[in-house]
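Residue-level structural notes
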Amino acid sequence: MAQTRRPLIAGNWKMNGLTSDGIERTRALIEKMAAKAQPFDLLICPPATLLAPVAAALNGSAVRLGAQDCHAKASGAHTGDISAAMLKDIGCSHVIVGHSERRADHHESDHAVHAKAVAAIEAGLTAIVCVGETEAQRDAGKTAEVVTSQVLGSVPARANHESLVIAYEPVWAIGTGKTPTAAEVQEVHALIRETLAGQIGEAEAAQTRILYGGSVNPKNAKELLGLPDVDGGLVGGASLKADDFWAVADASR
Ligand code: PGA
């Protein structure tokens, strides 16, 4: 980990959590984070229904709040959708865009993800842009090609290290307990940083946080998050228990 890049540990709760357990988990993290200054940033991304109550619970805490998706438009006739400005208004600092589950479930293309990232940045949010290959693409030796083209297609040229975070999440590693080897993760992250340098410039790319996601847990966190180009994690399953999530964050120090 380069000195200038402070680790970001982001919890993606996905479609999990009702008010009581969501708030309980939030309170546990607030307490841990308040105990002393930490060398990492902690972010939780609850489902949309919990953003307002979690924002209220977080009031004044160092734990940051993010959403799992946003619409590309600022407002208008888009039933069921939520804009980046609305997320900012409710207290979010980050929004995940282009998670592989949205790319698959909602047929989101790189073009659509790019538009959402632009909207997020325009609203003053940090966009966490997700990329990653499927198992079939990996088996076909196409990981580098797929990840490069997703970065080129999804990342807005006007992004910088404050408005952008990249999450590399191999689709086959999400929720499966399988992960690439440490050497494979480092190789892809270095490639992402190199690709990013061509888009937003070398200095910005050098400072941009690139997270690894996909079956991160307290046991493998130290090895994965300690890699030179890995600047934190996007954590799904293990973020649903405050102690496990905290153990992952702790491993990033
Ligand atoms: P996982 O999910 O940690 O449960 O594999 C990660 C993600 O999809 O962000």
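Residues numbered from 1 in each chain as written. Predicted model: local features only at pLDDT ≥ 70, side-chain atom pairs only at ≥ 80, totals over all residues. Heavy atoms only, no water.

Here we come to the packing of aromatic side chains. The description of two aromatic rings rests on the distance between their centres and on the angle between their planes. Using the criterion set out here, one finds 2 aromatic pairs in the structure. A centroid spacing of 5.5 Å and a plane angle of 70° characterise the contact between Phe40 and Trp246, whose relative ring orientation is edge-to-face. A residue pair is termed long-range when its members are at least 10 positions apart, and Phe40 in the loop between α1 (19-35) and β2 (41-45) and Trp246 in helix α11 (residues 242-250) qualify at 206 residues. Among the residues examined, Trp246 registers a relative accessible area of 13% and is labelled buried. For Arg25, the ring lying beneath its charged end belongs to Trp13, and the centroid distance is 4.3 Å. (Phe/Tyr/Trp six-rings, centres within 6.5 Å; stacked < 30°, edge-to-face > 60°. Helix = DSSP H or I, 4+ residues; strand = E, 2+ residues; numbered from the N terminus. Buried < 20%, exposed > 50% of the residue type's maximum accessible area, 1.4 Å probe, protein only. Lys NZ or Arg CZ within 6 Å of the ring centre and 35° of its normal.)

This brings us to the packing of α1 against helix α2 (residues 51-58). Contact geometry for α1 and α2: axes closest at 10 Å, N-to-C directions at 30°. Viewed along their axes, α1 and α2 adopt a mutual orientation that is roughly parallel. Considering only the axes of α1 and α2, their crossing is right-handed. Along its contact with α1, which presents Ile23, Thr26 and Ile30, the element α2 presents Pro53, Val54, Ala57 and Leu58. Here the residues of the contact of α1 with α2 are counted per class, giving 6 nonpolar, 1 polar and no charged. (Axes fitted to C-alpha atoms, helices over the stretch in contact; angles between N-to-C directions. Parallel < 35°, antiparallel > 145°, perpendicular 65-115°, else oblique. Left-handed = near helix turned anticlockwise from the far one by under 90°. Contact = heavy atoms within 4.5 Å. Nonpolar A, V, L, I, M, F, W, Y, C, P; charged D, E, K, R; others polar.)

Close to the ligand lie 13 residues, the nearest being Lys14, His99, Glu169, Gly175 and Ser215. Within the contact set of the ligand, an oxygen atom lies 2.7 Å away from a backbone nitrogen or oxygen of Gly175. Gly236 is positioned with one of its backbone polar atoms (N or O) 2.8 Å from an oxygen atom of the ligand. About the coverage of the ligand: the protein hides 95% of its 280 Å² of free accessible area. Class assignment of the residues belonging to the shell around the ligand gives a composition of 4 nonpolar, 7 polar and 2 charged. (Near = heavy atom within 4 Å. Polar contact = N/O pair within 3.5 Å; in protein donor to acceptor, adjacent residues only side chain to side chain. Areas by Shrake-Rupley, 256 points an atom, 1.4 Å probe, with all protein chains shown as cover.)

Note that every value here comes from positions in space, so none of it alone points to a role or purpose.
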